[in-house]
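Coordinate analysis (summary)
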Amino acid sequence: MHEDGHDRAQGGAQGGAQGAARDRARSGSTERRDTPALALLRRGADGLRPGLQPDGELHDPVFAEPTQYATAYYAYVNAVLASHGARGTRTDATGGADADDAARGLGATLAYLVTPGRTSAASSFGRALGDVRRTSHNDFMWPPALRTLVLLERLGHDVAHLAGVVATVAVPGAFAKRPPNNWAAVWLLGEQLRIRRGLSPSSEADVDAWLAPFLDPRAAERAGADLEADGSPSRTPRVDLDAGFYREPGLSNSYDLFTRYHLLELLRAGYAGRWRGALERLVATGLRRSLGVQLSSGSLASAHRSTGQSWTLGAQVAYFHLAAEMLSGSDPAAAARAGRAAARAFVALASCRRADGTLSPVESVLPAGERVGYEPYTADAHYSSLALAFLATAVDAGFTGADAALDEPDPAHLVEPAPLHRAVVHAHGWSLHVDLAPAAGYDALGIADLTCGVGRLLRFGGQVHHGVDDPGAHGAGCACRLPLALGIARRDPSGAIEPVAAMAPVAGQELRADSRHLHGRARAGTLDYRIDATLDAGEVRVVEALGDEACSLLVPYLRDRGDGAETTVRLLERGLRLSAHGEALEVVVEAAVERAVHLTHGYECRHGHAGLVRLDLAGRGPVSYSLRRVS
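Attention in this report is confined to the structure presented alongside it. Numbering of residues starts from 1 in every chain and runs along the sequence as written. For this predicted model, a pLDDT threshold of at least 70 governs which residues receive local features, and a threshold of 80 or more governs which side-chain atom pairs are given and counted, while totals over whole chains, interfaces and linings are taken from all residues. Where side-chain values are given, they derive from all heavy atoms of the structure, hydrogens and water being excluded.

**Points about the sheet that holds strand E10 (residues 464-466)**
Paired strands, as defined in this entry, are two strands with at least two bridges between them according to DSSP. The secondary structure listing takes helices from DSSP runs of H or I that are at least 4 residues long and strands from runs of E that are at least 2 residues long, numbered from the N terminus. Spatially, seven strands are ordered E11-E10-E22-E23-E18-E12-E13 in an open sheet, and the strand pairing comes out antiparallel. Strands at the two margins of the open sheet, each flanked by one partner only, are strand E11 (482-484) and strand E13 (497-499). Ignoring which end each strand starts from, the neighbouring axes of this sheet average 40 degrees apart. In terms of strand pairing, strand E12 (residues 487-491) meets E13 through three bridges, oriented antiparallel. Counted as the bridge partner of Arg491 is Ile497 from E13. Lines fitted to the C-alpha atoms define the axes, with helices restricted to the stretch that makes contact. Angles between their N-to-C directions range from 0 to 180 degrees.

**What about the sheet that holds strand E9 (residues 459-461)?**
Strand order in this open sheet of five strands is E5-E6-E7-E8-E9, and the pairing throughout is antiparallel. Two strands lie at the open edges of the sheet, namely strand E5 (412-416) and E9, each paired on one side alone. The sheet shows a mean angle of 15 degrees between the axes of neighbouring strands, taken without regard to direction. Sheet topology note: the strand E6 (residues 422-427)/strand E7 (residues 430-435) ladder contains six bridges and is antiparallel. Across the sheet, residue His426 finds its bridge partner in E7, namely Ser431.

**Digging into the packing of helix H2 (residues 36-48) against helix H3 (residues 70-83)**
One way to put it is that H2 packs onto H3 with a least axis distance of 10 Å and a crossing angle of 135 degrees. Comparing their axes, H3 and H2 come out oblique. H2 and H3 meet at a crossing whose hand is left-handed. Note on element contacts: H3 touches H2 through Tyr74, Val77, Val80 and Leu81, opposite Leu38, Leu41, Arg42, Ala45 and Leu48. Split into classes, the residues belonging to the contact of H2 with H3 amount to eight nonpolar, no polar and one charged. Note on angle classes: values under 35 degrees are labelled roughly parallel, values over 145 roughly antiparallel, values of 65 to 115 roughly perpendicular, and the remainder oblique. Definitions for this section: a left-handed crossing has its near helix turned counterclockwise from the far helix by less than a right angle. A right-handed crossing has that turn clockwise. Any two residues whose heavy atoms approach within 4.5 Å are treated as being in contact. Ten residue types, Ala, Val, Leu, Ile, Met, Phe, Trp, Tyr, Cys and Pro, are classed as nonpolar, four, Asp, Glu, Lys and Arg, as charged, and the remainder, Gly among them, as polar.

**Some thoughts on the environment of Pro483**
When you line up the elements, Pro483 lands in strand E11. Any residue under 20% of the maximum accessible area for its type is buried, any over 50% is exposed, and the rest in between are partly exposed; the area is computed with a 1.4 Å probe on protein chains only. Using a relative accessible area of 16% as the deciding quantity, one classes Pro483 as buried. As for Pro483 and Val464, which are separated by 19 residues in sequence, their C-alpha atoms are 6.0 Å apart. The residues contacting Pro483, other than those within four sequence positions of it, are Asp443, Ala444, Val464, His465, Ala501 and Ala502.

**Re the nonpolar core**
Ranked by internal contacts, the top residues of the largest apolar core, which has 124 residues, are Leu41, Trp142, Leu211, Phe214, Leu287, Trp311 and Leu391. Apart from residues lying up to four places away in sequence, Trp311 is in contact with Ser254, Tyr255, Phe258, Ser306, Tyr383, Leu386, Ala387 and Phe390. With 45 residues, the next largest nonpolar core counts Leu511, Leu546, Cys551 and Val589 among its residues. In plain words, nonpolar cores are sets of buried Ala, Val, Leu, Ile, Met, Phe, Trp, Tyr and Cys residues tied together by side-chain atoms within 4.5 Å.

**A closer look at the pairing of strand E23 (residues 608-617)**
Counting buried positions along E23 yields nine of ten residues, so the element is predominantly enclosed. Two elements, strand E18 (residues 551-560) and E23, share eight bridges in a ladder whose sense is antiparallel. Residue pairing in the sheet places Leu558 in a bridge with Ala610 of E23. Direction of pairing for strand E22 (residues 593-605) relative to E23: antiparallel, over a ladder of nine bridges. Note on E23: the bridge partner recorded for Tyr603 is Ala610. Counted along the chain from E22 to the antiparallel partner E23, the turn is two residues long.

See below:
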C-alpha cells in the first residue's frame, strides 16, 4: 500500500497528470472521473463479480468453484476500489458495496489460513475434461489479506475481529514454501506488513533470516535449496545483485519479475534490516533488467513458464511505477524510463479486456472456456484477480494510466550469458529476442519474440506450439507439443522438415549485440546454427543458417486473438503480407520460393489462435529475409 496517500511526489512521466488529479481532489470538486487505470480495475472486478459467493469466496467462471488465491486478491482489489471511490453506485464514504465485498473476501481468506486440514482450492486443470487438482497456495494469500485489512480500517470499518484472526496465523507454518522459493517472497512481504501493523510476534531479525537464502548462497544451501540440473545446490545466489535477476529452476522471466517485485515492496513496507542495502541495489539493477526484457509491445520476453500470463503485465505496471517513484530523486533518467515502461505495460494489459468486461489471464480476449494459451495451472478467477491486484497496487500508489505510451527513443540491448544465453535488442519500435538455451516444453531455439511497437497487435513469437500438453489425459510422454518460431527449418530430400525452433542446443552458444545488431551461434544437434539480425527504422533484416542445408522459412503468426479481427494472409512472390487491426507487415525472402504452404489450425500461443506459413526455398545455405512494417 501507498502509506503516505497521494501526497508523495511521483517519479517518471506520471508526475504532472497525477499532481493535477490530486489538486482537483483536494479542491473538493464534485466532478470525479475515473482514471484509465481505475476504470480498467473497475471493469475487470465487475467482470468477475458474478462468481462472488455470499461467504466472500470467488468462484471461477468456467469451473464454478474456488481457485488457488483468487478470493484473497479479489478482496484486495475491492478494497482499493472502495478506497478510491470509483465512479458508480457501489461506493460511499466508507467504501459501500466494494468494501463489503472486500470484508467478506478477507474473512473467507483467513478461514483458509487458520483452519487445519481444510481442502485446498483448485490449482490445476485438465485440458481435455476440465478435471481439477488441489495444492495449498496459502503463501499467496498473506500480502493481500494484510493490505485489505489496513484499507478497510482506514475506511472506518470495524476490523477488530479480523485483526484478531490475522494475529493468530502461524508464520511460516501456515505456508507451503520456504526461502529462497519465489512463493516465500510473497508471504515474507505479508509478514513484514503484519509486523508493521503490530499484529505479529515476528521481528526484523526474523525477516533478516528469511531473506538470507535469497541473497547468500551458503544460507540457501543450508535451507536445502538447489538450482543445478543435477539437483545440487548452486553456488550462485538466487538473487544476482549485479545482473538484477532472481534465479530459479527454468530461469523464468516471469518469476524473476514476480520475486523482485515482492522484494521491492518489502522496502516500501518499512524493512530496514541487514539486507536493506542489497534490496535497494536490486531496485536499480533489477529495473535495468526489467527494462531490457520488456518488449516494445509492453509484454514480457518469453522465457519458461507464466511469461504469457496477463499478470506479468500488471506486475510490470506496478513494478515500473514503484521503481520510478523510488528512483525519482537519485536517478531521474532511470525513473523516467520506468514511467514510460509502466505506460507501455498498461496499454498491453488493457488490450486483454474481453468484450464482456472480464480481464483475460493471457494476452488474448478469447472466451475463458476455450483455454487457448492457458498452462495447466491457469484459470480466470485466480490469474485475472492477480493481474488486477498488481494494477490495484499501482493505482493505490498514484498510477493513472493517462500518459501516452511511447516507443523508447534510443536503441538499447541486453545480452545475458550462460546459463541464460538470451539477448534482446530494441530500436525504432522493434524488439527482437533471441534464446539459445530454450526451456523444454515452453520455448523455441532462435527467435523467441519479435514485436513492432507499442500498441501494435501483430507480432511474432509468444511461445507458439502445435498441439497441447495435457499429461492428465495422455501421460507426459504422449503429449504432442511442437515448439515453433519465426525462423528456418532443415528440409531433407525425402520432404521431412525439422524446425530449428525444435532442436536441442548443446554447449558452446555465443551471443553478441550492440544498439541495433545481434549475432548468435549455437550447435544444434550435428548442425551449426547462426543468426545475424539488424534493426532499422522500417525493417528488421535477418540471416539464419544451418550450414549448407536446404531450408524452409517458417512464419507462425497470430491468427485470431478473439477481438473479431482475424489476421489475413496474402502470399507474395517471395514472401507474404499479414494484415489485421489496420496494421500490415510483410515477410520477404531473398531466395526464390519453390512452394508456399499455409496451415491455419492446430496452433496456439499466449496471444491466441495461430496459423503457419511455410516457404520452401530454392538453393542451399544461409537464408536472408526481412520483416517490414507496411502500415
